Amino acid sequence: MINKQSPLPLYYQLEEYLKQQIESGEWKPGDIMPSERELSEEFRISRMTVRQALTNLVNKNILFREKGRGTFVSHRKFEQNLQGLTSFSEDMERRGLSSGSKLLYFEQVKAGDQVAEALAISPGDPVYKLKRIRLADQEPLAVETSYNPVSLFPELDQKIFEKSLYHYIEENRQMRISHGTQTVEAALVTDEDAQHLMMEEGQPVLLIQRVTHLEDGRPFELVWSIYRGDSYKYRIEMNRR
Ligand code: 16G
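If you're wondering where the values come from, they're calculated on a predicted model, not measured in any experiment. (Residues numbered from 1 in each chain as written. Predicted model: local features only at pLDDT ≥ 70, side-chain atom pairs only at ≥ 80, totals over all residues. Heavy atoms only, no water.)

## Some details on the pairing of strand β1 (residues 63–66)
Inference 1: Sheet analysis places β1 next to strand β2 (residues 70–73), joined by 4 bridges and oriented antiparallel. When the bridges of β2 are listed, Arg65 appears paired with Thr71.
Inference 2: Adjacent in sequence and paired antiparallel, β1 and β2 are bridged by 3 residues, among which Gly68 carries a positive phi angle near 80 degrees. (Pairing = 2+ DSSP bridges. Helix = DSSP H or I, 4+ residues; strand = E, 2+ residues; numbered from the N terminus.)

Okay, here's the thing in structure tokens:
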């Protein structure tokens, strides 16, 4: 596996070997890797060489380190198409995963200026404000803070947000969701959200803001979603004019 006569650097050979083991499923997401000492003994190479190989794999997000615990195989990233307006529940269903939500709070508040503007209502109008952890196969993947105008859905209750809002709007209310605007930016997780997402504090996340409209043009939600940076990536199809 490691050939000391090869012109390829030893750290590179080890890196490729470890990568192959992970790709073939020999080591699975979440598995702990052998320690530097174990690898260096097994392959009869220096610990510095092992460290270099592991660091490269950490930098490529194939492995991740946890202070005091060791080095682990990263979770595979979900790929999300940027075209198309889908809900979290639909995205998970398409991947064959069960979707779930843990509601952190659900309340009625008065819309502030920013919320009012996004939802095309007046400042002070009542809105639902809620925060939920979104789960994929019971694992936390995102935290979402949403605002929805009470005037559009006077009857909303928390049970709806424990399941699917989009399903409720389209199936139960027979309203049509038509389009949305979304921005995606990089951010660092806050201490509070790190706990919800079972992440280390200060790790990277994707911060996504979405405003979504009904068919008649009325905005029905303003949502900030925080996705784990190590679990999600976006895909865009591009055409050259
Ligand atoms: C997605 C949307 C969110 C929407 C939710 C509805 C993103 C970034 N955000 O999480 O805006 O409220 O789906 O999901 O994709 P639900 O129908 O499962 O409740």
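Following the structure, the description resumes.
## Overview of the site of the ligand
Inference 1: With respect to spatial proximity, 17 residues lie near the ligand, and among them Ser89, Glu144, Ser164, Leu165 and Glu221 are the closest.
Inference 2: Within the side chain of Arg132, an N or O atom sits 2.9 Å from an oxygen atom of the ligand.
Inference 3: For the ligand, an oxygen atom lies 2.9 Å from a polar atom in the side chain of Arg210.
Inference 4: In the complex, the protein chains occlude 99% of the 450 Å² of accessible area that the ligand would expose alone. (Near = heavy atom within 4 Å. Polar contact = N/O pair within 3.5 Å; in protein donor to acceptor, adjacent residues only side chain to side chain. Areas by Shrake-Rupley, 256 points an atom, 1.4 Å probe, with all protein chains shown as cover.)

## Digging into the sheet that holds strand β5 (residues 126–136)
Inference 1: The sheet built from 6 strands is open, its strands ordered β4-β5-β6-β9-β8-β7 with antiparallel pairing. Across the chains shown, the open sheet's two edge strands, defined by having one partner strand only, are β4 (99–110) and β7 (177–188). In this sheet, adjacent strand axes meet at a mean angle of 15 degrees when their direction is disregarded.
Inference 2: Relative to the sheet, helix α7 (residues 165–172) contacts β5, β6 (139–149), β7, β8 (204–214) and β9 (219–228), its axis offset from that of β9 by approximately 150 degrees. (Axes fitted to C-alpha atoms, helices over the stretch in contact; angles between N-to-C directions. Contact = heavy atoms within 4.5 Å.)

## Looking at the confidence of the model for the chain
Inference 1: With 100% of its residues at a pLDDT of 70 or more, the chain shows a mean pLDDT of 94.
Inference 2: When the elements of the chain are averaged for pLDDT, strand β3 (residues 78–81) gives the smallest value, 89, and helix α5 (residues 113–119) the largest, 98. (pLDDT = per-residue confidence, 0-100.)

## Some remarks on helix α3 (residues 47–59)
Inference 1: For α3, with 13 residues, the first-to-last C-alpha span of 18 Å sits near the 18 Å given by 1.5 Å per residue.
Inference 2: Listed in full, the buried residues belonging to α3 are Thr49, Val50, Ala53, Leu54, Asn56, Leu57 and Val58.
Inference 3: Residues of α3 that are buried make contact with α1 (10–23), α2 (36–43), β1 and β2.
Inference 4: Just downstream of α3, Asn61 is the residue with a positive phi angle, here 65 degrees. (Expected span 1.5 Å × (residues − 1). Buried < 20%, exposed > 50% of the residue type's maximum accessible area, 1.4 Å probe, protein only.)

## Notes on the packing of aromatic side chains
Inference 1: One pass over the full model with this rule turns up 10 aromatic pairs.
Inference 2: A ring pair is formed by Tyr166 and Phe220, whose centres lie 5.9 Å apart and whose planes are at 70 degrees; its orientation type is edge-to-face. Linking Tyr166 in helix α7 with Phe220 in strand β9, this pair joins segments that are 54 residues apart in sequence. Both residues of the pair, Tyr166 and Phe220, count as buried.
Inference 3: Measuring from centroid to centroid gives 5.9 Å for Tyr232 and Tyr234, while their planes differ by 75 degrees, and the two rings are edge-to-face.
Inference 4: Among the aromatic side chains, those forming a connected cluster through ring pairs are Phe78, Tyr227, Tyr232 and Tyr234. (Phe/Tyr/Trp six-rings, centres within 6.5 Å; stacked < 30°, edge-to-face > 60°.)

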